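Tertiary structure, described
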Amino acid sequence: ARSSLQRLNELDPQALANIAWAFASTGHACPALFDALAAESSIRLDDFSPQNIANTAWAFATTGHKAPALFDALATESLSRLGEFRPRDIADTAWAFATAGHAAPALLDALAADSSDRLRAFDAHALAIMAWAYAVADHEVGLFGARFADRCNEIGTEEFSNI
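Presented here is an overview of the structure given in this document.

Parameters and conventions
Residues numbered from 1 in each chain as written. Predicted model: local features only at pLDDT ≥ 70, side-chain atom pairs only at ≥ 80, totals over all residues. Heavy atoms only, no water. Helix = DSSP H or I, 4+ residues; strand = E, 2+ residues; numbered from the N terminus. Rg over C-alpha atoms; globule rule 2.2 N^0.38 Å. Buried < 20%, exposed > 50% of the residue type's maximum accessible area, 1.4 Å probe, protein only. Contact = heavy atoms within 4.5 Å. Areas by Shrake-Rupley, 256 points an atom, 1.4 Å probe, with all protein chains shown as cover. Lys, Arg positive; Asp, Glu negative; His and termini not counted. Charge placed at Lys NZ, Arg CZ, Asp CG, Glu CD. Core = buried A, V, L, I, M, F, W, Y, C linked by side-chain atoms within 4.5 Å. Phe/Tyr/Trp six-rings, centres within 6.5 Å; stacked < 30°, edge-to-face > 60°. Salt bridge = Lys/Arg side-chain N within 4 Å of Asp/Glu carboxyl O.

1. Let's talk about the overall build of the chain
The helix and strand tally for the chain stands at 10 helices and 0 strands. Its helices and strands taken in sequence order, the chain reads α-α-α-α-α-α-α-α-α-α from the N to the C terminus. Against the globule reference of 15 Å for 163 residues, the chain gives a C-alpha radius of gyration of 16 Å, in line with a compact fold. Counting only C-alpha atoms and orienting by the principal axes, one finds that the chain spans roughly 50 × 30 × 25 Å. When burial is assessed residue by residue, the chain has 46% of its 163 residues classed as buried. Summarising the internal contacts of the chain: among those between residues at least 6 apart in sequence, 74% fall at separations of at least 24. For the chain, the accessible surface area stands at approximately 8000 Å², while carbon and sulfur atoms represent 51% of it. Each charge class in the chain can be summarised by its mean position, and for the 11 positive and 21 negative side chains these summaries are 5 Å apart.

So, in structure tokens, the structure goes:
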């Protein structure tokens, strides 16, 4: 962690997101590293891919590392580039904001609106993540109406039971 901490400004956005993801995946919180990652990522988010944005949000939420300024910047960047997000990026971003308890109603509204337009691209896992995230965030949107139910029915219960 120390060597990564000293060289964060030399790393590309993919590497920054990968470091956050790797430490979170192993349960290694490392507060000093996550503070530095938050600072460095916040100023470079315009160079992050949608997957890097989602993975960074996921990592901070997974570790429980509080970084409100980073989450505000992630929300702003996500809103400006939502059309580039894949269904899994949308679901993971919603999950991260709900898990972190970071209120971002405009982002959640936009994620839901974008998802509604392309529900057929969402698999069972992404749909389940979305439903969970909006329930945990206690954020009501029109996403979970008839079209959402129809998409879930198209997928079938067997695929949902394998999640």
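Once you've had a look at it, read on.
2. Quick look at the nonpolar core
Residues Leu37, Phe60, Leu74, Leu111, Met130 and Tyr134 are the most contacted members of the largest nonpolar core, which totals 51 residues. Where this core is concerned, the elements lending two or more residues are helix H2 (13-25), helix H3 (31-42), helix H4 (50-63), helix H5 (68-80), helix H6 (87-100), helix H7 (105-117), helix H8 (124-136) and helix H9 (146-155). Filtering out sequence-adjacent residues up to four positions away, Phe60 remains in contact with Phe34, Leu37, Ala38, His65, Ala67, Leu70 and Phe71.

3. Some thoughts on the packing of aromatic side chains
The description of two aromatic rings rests on the distance between their centres and on the angle between their planes. As enumerated under the stated definition, the model contains 6 aromatic pairs in all. On the basis of an interplanar angle of 85° and a centroid distance of 5.0 Å, the ring pair of Phe71 and Phe97 is categorised as edge-to-face. Of this pair, Phe71 sits in helix H5 while Phe97 sits in helix H6; the two residues are 26 residues apart in sequence, bridging distant segments of the chain. The exposure classification of Phe71 matches that of Phe97, with both residues buried.

4. Quick look at the environment of Gly64
Relative to the helices and strands, Gly64 resides in the loop between H4 and H5. For Gly64, a relative accessible area of 45% gives the class partly exposed. Sequence separation between Gly64 and Ala98 is 34 residues; the distance between their C-alpha atoms is 12 Å.

5. Observations regarding the pattern of salt bridges
In this structure the tally under the stated criterion is 9 salt bridges. Note that Arg44 and Glu40 form a salt bridge whose closest N and O atoms lie 2.9 Å from each other. Take Arg44: its relative accessible area is 15%, and that puts it in the buried class. On the accessibility criterion, Glu40 (14% relative accessible area) is buried. Between Glu84 and Arg81 there is a salt bridge, with the nearest N and O atoms lying 3.3 Å from each other. On the accessibility criterion, Arg81 (12% relative accessible area) is buried. A cluster of three or more residues bridged by salt bridges with shared partners is formed by Glu77, Arg81 and Glu84.

6. A closer look at unusual backbone geometry
The phi angle at Asp138 is positive, at roughly 50°, despite the residue not being glycine. Relative to the elements of secondary structure, Asp138 occurs in the loop between H8 and H9. Of the residues examined, Asp138 reaches a relative accessible area of 64% and is grouped as exposed.

Function-wise, these values are silent; they only describe arrangement.
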